[in-house]
Structures are given as C-alpha cells and as structure tokens.
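Observations on chain architecture
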Amino acid sequence: MDKQTKNKYLYATIGCIFVAVALVYYYFFSSMNATGKTQYLYIDADDNIDSVYNKVKAVSNDHGFIGYRTLVRHCTYKSNIHTGRYSLKPGDGAFSLFRHLKNGMQASIDLTIPSVRTPEKLANELSKKLMLDSAAIAKALKDETYCKQWGYDTTTILCLFIPNTYDMYWNVSLDKFMERMQKENKKFWNFDRTHKAEEMKLSHNQVMTLASIVDEETANNGEKPMIAGMYYNRLMLRNAEYPDGMPLQADPTIKFAWKRFELKRIYHNLLFIDSPYNTYKNAGLPPGPIRIPSVAGIDAVLNHVHHSYLYMCAKEDFSGTHNFARTYAEHLGNAAKYAKALNERGIK
C-alpha cells in the first residue's frame, strides 16, 4: 500500500472518529434543556419508566431526549427509579441528567415553615412543597402517640415548628422531616433564649403559646414587645381578686375556640364558649399555641417591654396599633372610642 493510500485511510479514520465524537457530544453532552431556564423534574413513588420519559421529554429538546433514552436502555434504571426533585440546568446534557436520576442526586428545596393556625393548614401547605400527602401529615399531627414521640401532645405539637426557611429534599419522609424540625427547634432555643424564658418562669411551649397570641393581635413587629408585656403582666398578676392570675381575655383565643378566624368583632355572646382556649373563662395560658408563632413574636415575648399596663384596645384610627391602659376605667374609654369607629364604618 503506497503512502497516498495510507493517508486516505488515515484521514477517513480521523473523519469517522471526529463524526463519532461529534455525535456522542451532540446526543449525550450538549445542552438538552429546551427552555434556557432551570427546570425541575419531580419523580414520585407512582412513576414508572414511561412516566419518567414523559417528564423528561416535557423539558428537553429532541436530541437530548434521544440521548437520555439511549443511556437508560443500557442500564438498570427502569427497575430502580429513585423518587426526588431533579434539576435540569441550561447547558446540562443527557448524560448529566441521566447520572442525577440514576444515582438519586437530587436538587434540594428551600422550605419555609408557614405561621399557620392549625395542623390541617400546616399539612396542606407542606404537601404543596413536599412529596408528603397532606392527609397523612394531618393524621400524624392529630395522633397523641405520634406527637409524644417528639416530646409534645396534639395541643402543643405546633411548638415544634420554627417558621424559618430550611434546605431539604422534596421526597423527605415524615419521620425525617420531623427529626429535622426537632433539630432546628433545639438550635433555635439556644442558651440566650432559654435563659430568658427561665427568668420569666415560662417553658418553651408557654413562650410560644403567648407569642402566638401576640402574633394574632398585631402584624406590627415594633409593637409586639409592648403587647407581650401587657399579657405577661396579666399572666403574672396575683391578688385578692385574681388569686390564680388575671385572665388573659385575649380575643384571638375566642376566634380559635370557635374556629371563626374571620371575625372582626368579638361580641359578648361569644365569650361563653366551653373551651380550654377561652381565656375569658380560664385563667392562664391556653393549652397550646393558636398558631405557629413567628420568630418576631417569640422574641417579642422573651424581650417584652416592662411596664404596668394591664389593658389594651385597638386604636380607633385603624392604624393596627393599640391604646394601652393601667386601669379598667381608662380601658373602657379606649374601647368606647374603638367601638364607635367600628360602628361608623359598618364593621360587624
């Protein structure tokens, strides 16, 4: 074979290698993202290989999808599908997505615990962000045995949750989720916060219960320490008239007892409901929080303003702040002004 013929074979071989490399790159390593934005695939326990293909196809271009299917055909992934939330970033190729799905290399989520009023509402919100079923979450949070496993009962279980944002996986199990919440709760209740609670002679749960009332009274974080101080004064008051402490008489607890959170005014006939959450009839704190308290609410209780006020009433200018009073007579004057403003606006 002469040199010229050898060169032709060499160039042909090089050309074939180049084409092969180009095809491999095109189908397996070039970007398969069809949108140019990061897309997420949610693979749940009901998915099979066909449904996974459909989810991949929805976010990929044609050549990337062909490359992905080719890779799957030559491995055991179809019989070992991992649940989870997986990202497909701009520039990611079929091999990258295949590796993530095959090895369960998930993209985490930022989960914010919401400051909601009931376990059912919490379950509903969590199910929107996690693979967990809302009914299963709600059932667990209403189960005394399950709550006891975490150191709470069904009235205090909301005290476990600190409403911050946490990095976790979409397919986390309920037990693992609760373990994480317990860990974050212990981290939140550091030495400083625990010491302040002890100085107030309140448990963590009691602080959070009082904070939940404060949160319901106002969204104004600047005023929360003032309101917390007023309720703490009532809680700690002991005299001939109130040997067990002055009733908190917190309107938000009446709404909670009736489960009528839409109420704008608390009329006298609503105050007689037979409920441990009725702080007009029962002295002391209710058995548990009336919502997951905010961090601002918790810290407002721990850092409450020290004053001598025992009463408060919403201001008649509807600013969201309150008039405070030391005596009941002064309070009645403030209440009359607020009632007049409500009537003038036709608020029932």
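Residues numbered from 1 in each chain as written. Predicted model: local features only at pLDDT ≥ 70, side-chain atom pairs only at ≥ 80, totals over all residues. Heavy atoms only, no water.

Considerations on the UniProt feature "site: Important for catalytic activity" (unreviewed entry) in the chain
Put simply, the rule reads: UniProt positions are given in the numbering used here, feature names are shortened, and annotations may be inferred rather than shown by experiment. Residues are treated as being in contact if the distance between any of their heavy atoms lies within 4.5 Å.
Within this numbering scheme, the UniProt entry marks E217 as carrying the feature "site: Important for catalytic activity" (unreviewed entry). Discounting residues that sit within four places of it in the chain, E217 has contacts with I227, Y231, A250, D251, P252, M312 and H322.

Here we look at unusual backbone geometry
Keep this limit in mind: Only DSSP runs of H or I with at least four residues qualify as helices, and only runs of E with at least two residues qualify as strands; both kinds are numbered from the N terminus onward. When a residue's accessible area, from a 1.4 Å probe over protein chains only, is under 20% of the maximum for its type it is buried; when over 50% it is exposed; and in between it is partly exposed.
Phi angles above zero are rare outside glycine, and K201 is one such case at about 60°. Considering the arrangement of structural elements, one finds K201 in the loop between α9 (191-199) and α10 (204-217). The class of K201 is exposed, set by a relative accessible area of 70%. You will see that K259, though not glycine, has its phi angle at about 55°, which is positive. Of note, K259 is situated in the loop between α12 (251-258) and α13 (295-302). Relative accessible area serves as the criterion here: at 47%, K259 is assigned to the partly exposed category.

Re the packing of aromatic side chains
Convention followed: Planes of paired rings set the category: under 30 degrees apart is stacked, over 60 is edge-to-face and the rest tilted, where pairs are Phe, Tyr or Trp rings (Trp by its six-membered ring) whose centres lie within 6.5 Å.
All chains considered together, the criterion is met by twelve aromatic pairs. Each ring, one from Y309 and one from F324, has its centre 5.7 Å from the other, and the planes form 40°; the classification is tilted. Here Y309, found in the loop between α13 and β5 (311-314), pairs with F324, found in strand β6 (residues 322-325); they are 15 residues apart in sequence, far enough to count as distant. In this structure F324 comes out as buried when scored by relative accessible area, which is 15%.

Describing α9
Here is the rule we go by: What the arc measures is the spread of directions leading from the helix axis to the C-beta atoms. Any pair of nitrogen or oxygen atoms within 3.5 Å is treated as a polar contact; in protein, a donor-acceptor pairing is required on top of that, and neighbouring residues in sequence qualify only through side-chain atoms on both sides.
Buried residues of α9: R193, T194 and A197, and no others. The arc enclosing the buried residues of α9, seen along the axis, measures out at 95°, which places them on a common side. Looking at α9, the residues exposed on the side facing more than 90 degrees away from the buried face are F191, E198 and E199. Contact partners of the buried residues in α9: α8 (174-188), α10 and α13. The residue sitting at the N-terminus of α9 and contributing the capping side-chain oxygen is N190; that oxygen lies 3.3 Å from the backbone nitrogen of D192. Positive phi shows up at K201, right after α9, with a value of about 60°.

Section: the layout of surface pockets
Rule in force here: Using a grid of 1 Å spacing that covers the protein atoms alone, one calls a set of points a cavity when a 1.4 Å probe fits there but cannot get out, and a pocket when the set is open and has protein on both sides within 12 Å along at least five of seven lines; lining residues are those with an atom within 4 Å of a point. Grid points are joined across faces, edges and corners, and a volume is the space filled by probe spheres set on the points. Any residue that is not Ala, Val, Leu, Ile, Met, Phe, Trp, Tyr, Cys, Pro, Asp, Glu, Lys or Arg is counted as polar, Gly included; the first ten are nonpolar and the last four charged.
In this model, the largest pocket occupies a volume close to 1400 Å³. Along the walls of the largest pocket sit 44 residues, with D251, I266, C313, A314 and Y338 positioned nearest its centre. Among the secondary structure elements, those contributing two or more residues to the lining of the largest pocket are α10, α11 (224-236), α12, β5 and α14 (328-345). Here the element with the most residues in the lining of the largest pocket is α14; it accounts for seven residues. Across the lining of the largest pocket, the residue classes tally to 24 nonpolar, eight polar and twelve charged. Its volume calculated, the second largest pocket comes out at about 170 Å³. As for the second largest pocket, its lining consists of 14 residues, and the residues nearest its centre are P119, K142, T154, F256 and Y277.

Remarks on the domain arrangement of the chain
One frequently used descriptor of interface size is the decrease in accessible area upon assembly of the parts. So the rule is basically this: An automatic or database domain assignment is the source of the domain bounds shown.
If you check the domain split of the chain, you get domain 1 (3-103), domain 2 (110-182) and domain 3 (191-307). Centre-to-centre, using C-alpha coordinates, domain 1 lies 37 Å away from domain 2.

Structural notes on the pairing of β6
A regular strand places its side chains so that they alternate between the two faces of the sheet. Operational definition: Pairing between strands is defined by DSSP: at least two bridges between them are needed.
Going residue by residue along β6, you find H322 and F324 tucked away on one face and N323 and A325 tucked away on the opposite face as well. Across four bridges, β5 lies against β6 in antiparallel orientation. Looking across to β6, one finds that A314 is bridged to H322.

Section: helix α3 (residues 62-73)
Applicable threshold: Here a helix's expected span is defined as the number of its residues, less one, multiplied by 1.5 Å.
In a regular helix each residue adds 1.5 Å, so twelve residues correspond to 16 Å; α3 covers 17 Å between its end C-alpha atoms and thus fits that length. Within the sequence span of α3, burial applies to H63, G64, F65, G67, Y68, L71 and V72. For α3, the N-terminal cap is N61; the gap from its side-chain oxygen to the backbone nitrogen of G64 is 2.9 Å.

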